[in-house]
Amino acid sequence: MLKVRLEPGSGVERSLEPFYKGVASVFSKSLDEGYLRIASYVSLEALTASSIIYALAMVQGLDPILTLDHRPPPKIVEPSILVGFSNVNYNPSDVESPLVVISSGSIKSTPTPGSVYVEVDGSVGSAISLLIQSMKGAAARRDLLMASIASYYMGRYVDRVGKFHRLDRHAFSSLMKDSGLPVEVVTTLKAYKPNDLEPCRSISLTVNPLYPGLTGDEQLCLDIAGGEASSRKLGELASEEIERLAARILAFIKEKTRRQPDPQDYVGGIVVSRDPMSRIRDARMAADAFLFAAERPRDQAQLLAVIADLDNEYVLAESSLEAYSEALPKELEDSRLEKVKSFSWFKAYRSSVEPASPTLYWRALRLLGRVDKEDIVFFEGSGGLFTTVFLVEEALGPESARKIVEAGIARREGVLLWLKK
């Protein structure tokens, strides 16, 4: 039994070794027993990391099974990897097979014999990046490394201007230095695929952040942007050109919304790939594409399918996200919010529309000032009012979905939370 902490510094390699060996032990045992159990907590960060582990297991010839819950499995009867659970509380009699538990922050439990608990001083995705590097052959799967970087944007260790912190910063530096992954950070407007698209094409396709009046309208952007909307790519503009373009865009947004936009919402660093063969060209956009893939069908299985087959499925997921740039402005225009009730730690609203992506829609509402950071928006469904666990976790913080369920406020079905009457 072993508990290790992955944190930046000279000792990270020593901690990484038992983590890698623990995963290797689980993989080896699962080859003998026929399948691998991966259990994910109900957050986008944990589910994305779990899906990457699922893809890694498939590369190793394993037969993984992924489950999603706000509670860990009651017993471990097959080789298992648990992701995102901060409290597992197993007795030795509960654990019959090799077990690895990975969580961001501390794990409030004592490992059982044969188990490895990994506390990550950063996002779970940063630990997965280092794990992939340790797996050597799997490190050739560069898109899985890019997917792990995309998951950094789902955690708490990237600030508003795109800087990584704690283990995320260390892992990203390690990838650039040791893995040969051809990535760079471009500081520009937060718009999709800045190294591949011209400024207004990029802005018009972007739904996070919403560009009021410009998301979904490339021609209006061209009219507003002036000379900076040239034939060059957004990421190729010099810093002074970005400043002039940002000033014009933000002035238009202020006039459109009658609110002073915060420049930190619209300008920052974006991790992009320089590899022309990479499916994932923009890690920040990939994070939104993964979210959209999980929310639009209201089922986490689509996100798993995208990450398990990045070569074929990611392009479709990205295209669906780009198409949402035309639908989201209409959803916002048509929507009306009605206060449902107030709970002790959040306000609840009902939206008159059911958006394709509740969380991306909610982020846009926040940016427009129509809801506050800790407000939860529900939507009318066949079974009553629902929202998604991803929206709740982003609004209220880690494990908030579990607390809401355990408080009897809502019941969970997959990635949905249904408000109890």
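See the structure above.
Residues numbered from 1 in each chain as written. Predicted model: local features only at pLDDT ≥ 70, side-chain atom pairs only at ≥ 80, totals over all residues. Heavy atoms only, no water.

Draft legend 1. Focus on the packing of aromatic side chains. With the rule as written, the count across this model stands at 12 aromatic pairs. Relative to Trp-418, the ring of Phe-386 lies with its centre 5.3 Å away and its plane at 50°, an arrangement referred to as tilted. In this pair, Phe-386 sits in strand β12 (residues 384-388) while Trp-418 sits in strand β14 (residues 416-419), placing the two residues 32 residues apart along the sequence. Among the aromatic side chains, those forming a connected cluster through ring pairs are Tyr-152, Tyr-153, Phe-164 and Phe-172. (Phe/Tyr/Trp six-rings, centres within 6.5 Å; stacked < 30°, edge-to-face > 60°. Helix = DSSP H or I, 4+ residues; strand = E, 2+ residues; numbered from the N terminus.)

Draft legend 2. Structural detail: the state of the cysteines. All told, the structure shown has one disulfide when counted by the stated rule. One disulfide bridge connects Cys-200 with Cys-221, the sulfur atoms lying 2.2 Å from each other. Judged by the sign of its S-S torsion, about -75°, the cystine formed by Cys-200 and Cys-221 is left-handed. Of this pair, Cys-200 sits in helix α6 (residues 199-204) while Cys-221 is found in helix α7 (residues 218-225), placing the two residues 21 residues apart along the sequence. Of the two residues, Cys-200 and Cys-221, neither departs from the other in class, the shared state being buried. (Disulfide = S-S within 2.5 Å. Buried < 20%, exposed > 50% of the residue type's maximum accessible area, 1.4 Å probe, protein only.)

Draft legend 3. Region of interest: the pairing of β14. By the alternation rule, side chains of β14 split into Leu-416 and Trp-418 and Leu-417 and Leu-419, which are all buried. The sheet contact formed by β12 and β14 spans three bridges and is antiparallel. Across the sheet, the residue bridging to Thr-387 is Leu-417, located in β14. With four bridges joining them, strand β13 (residues 410-413) and β14 adopt antiparallel strand pairing. Along β14, the bridge assignment pairs Arg-411 with Trp-418. With antiparallel pairing between neighbouring strands as the criterion, β13 and β14 make up a hairpin whose turn holds two residues, including Gly-414 at a positive phi of roughly 65°. (Pairing = 2+ DSSP bridges.)

Draft legend 4. Spatial organisation of the environment of Arg-160. Take Arg-160: it is sitting in the loop between α4 (142-152) and α5 (166-179). For the pair Arg-160 and Tyr-324, spaced 164 residues apart in sequence, the C-alpha separation works out to 23 Å. The contact partners of Arg-160, leaving out residues within four places of it in the chain, are Lys-190, Asp-262, Gln-264, Asp-265 and Val-267. A polar contact is formed between the side chain of Arg-160 and the side chain of Gln-264, at a distance of 3.4 Å. (Contact = heavy atoms within 4.5 Å. Polar contact = N/O pair within 3.5 Å; in protein donor to acceptor, adjacent residues only side chain to side chain.)

Draft legend 5. Just the side chain of Asp-288, in detail. Secondary-structure assignment places Asp-288 in helix α10 (residues 283-295). The residues contacting Asp-288, other than those within four sequence positions of it, are Tyr-192, Asn-208, Leu-321, Leu-360 and Arg-363.

Draft legend 6. Spatial organisation of the pattern of salt bridges. Tallied over the full model, the rule gives 28 salt bridges. We note a salt bridge from Lys-21 to Glu-17, for which the minimum N-O separation is 3.0 Å. Taken as a pair, Lys-21 and Glu-17 lie in helix α1 (residues 12-33) at a separation of four residues, close to a single helical turn. For Glu-394, the salt bridge identified is with Arg-363, shortest N-O distance 2.9 Å. (Salt bridge = Lys/Arg side-chain N within 4 Å of Asp/Glu carboxyl O.)

Draft legend 7. Focus on the packing of helix α12 (residues 310-334) against helix α13 (residues 358-367). Between α12 and α13, whose axes approach to 11 Å, the crossing angle comes to 55°. In terms of their interaxial angle, α12 and α13 are classed as oblique. Seen from above, α12 lies across α13 with right-handed handedness. Residues Leu-321, Tyr-324, Leu-328, Glu-331 and Leu-332 of α12 form the contact with α13, whose participating residues are Leu-360, Tyr-361, Ala-364 and Leu-365. Classifying every residue of the contact of α12 with α13 gives eight nonpolar, no polar and one charged. (Axes fitted to C-alpha atoms, helices over the stretch in contact; angles between N-to-C directions. Parallel < 35°, antiparallel > 145°, perpendicular 65-115°, else oblique. Left-handed = near helix turned anticlockwise from the far one by under 90°. Nonpolar A, V, L, I, M, F, W, Y, C, P; charged D, E, K, R; others polar.)

Draft legend 8. How the structure looks around the side chain of His-70. Tracing the backbone through its elements, the reader meets His-70 in the loop between β3 (64-68) and β4 (80-83). At 3.4 Å, the side chain of His-70 forms a polar contact with the side chain of Asp-69. Contacts of His-70, omitting those with residues within four sequence positions, involve Tyr-41, Val-42, Phe-85, Arg-402, Val-405, Glu-406 and Arg-412.

Draft legend 9. Structural view of the packing of α13 against helix α14 (residues 389-396). Axis separation between α13 and α14 bottoms out at 8 Å; the angle between their running directions is 35°. Crossing geometry of α13 relative to α14 is assigned as right-handed. Across from Pro-358, Thr-359, Trp-362, Arg-363 and Arg-366 in α13, the residues of α14 making contact are Phe-390, Leu-391, Glu-394 and Ala-395.

Draft legend 10. Quick look at unusual backbone geometry. Residue Pro-209 is bonded to the preceding Asn-208 through a cis peptide linkage, with omega at 5°. Along the chain, Pro-209 turns up in the loop between α6 and α7. Despite not being glycine, Arg-298 has its phi angle at roughly 60°, a positive value. Positionally, Arg-298 belongs in the loop between α10 and α11 (301-308).

Draft legend 11. Representation of the pairing of strand β5 (residues 99-104) within the structure. Counting buried positions along β5 gives six out of six residues, so the element sits mostly inside the fold. Taking every second residue as pointing to the same face, both faces of β5 are buried, with Leu-99, Val-101 and Ser-103 on one and Val-100, Ile-102 and Ser-104 on the other. Two strands pair when backbone bridges link them, and β5 and strand β6 (residues 115-120) are joined in this way by six bridges, in the parallel orientation. Paired with Val-100 across the two strands is Val-116, which belongs to β6.

Draft legend 12. Representation of the nonpolar core within the structure. Within the largest apolar cluster, 125 residues are counted, with the highest numbers of intra-cluster contacts made by Phe-19, Ile-81, Ile-102 and Phe-290. With sequence-adjacent residues up to four places away left out, Phe-290 is seen in contact with Thr-48, Ala-147, Ala-150, Met-154, Ile-280, Leu-303, Val-306, Ile-307, Leu-310 and Tyr-314. Core analysis: the next-biggest nonpolar cluster, separate from the first, contains 19 residues, Tyr-211, Ala-225, Phe-252 and Ile-253 among them. (Core = buried A, V, L, I, M, F, W, Y, C linked by side-chain atoms within 4.5 Å.)

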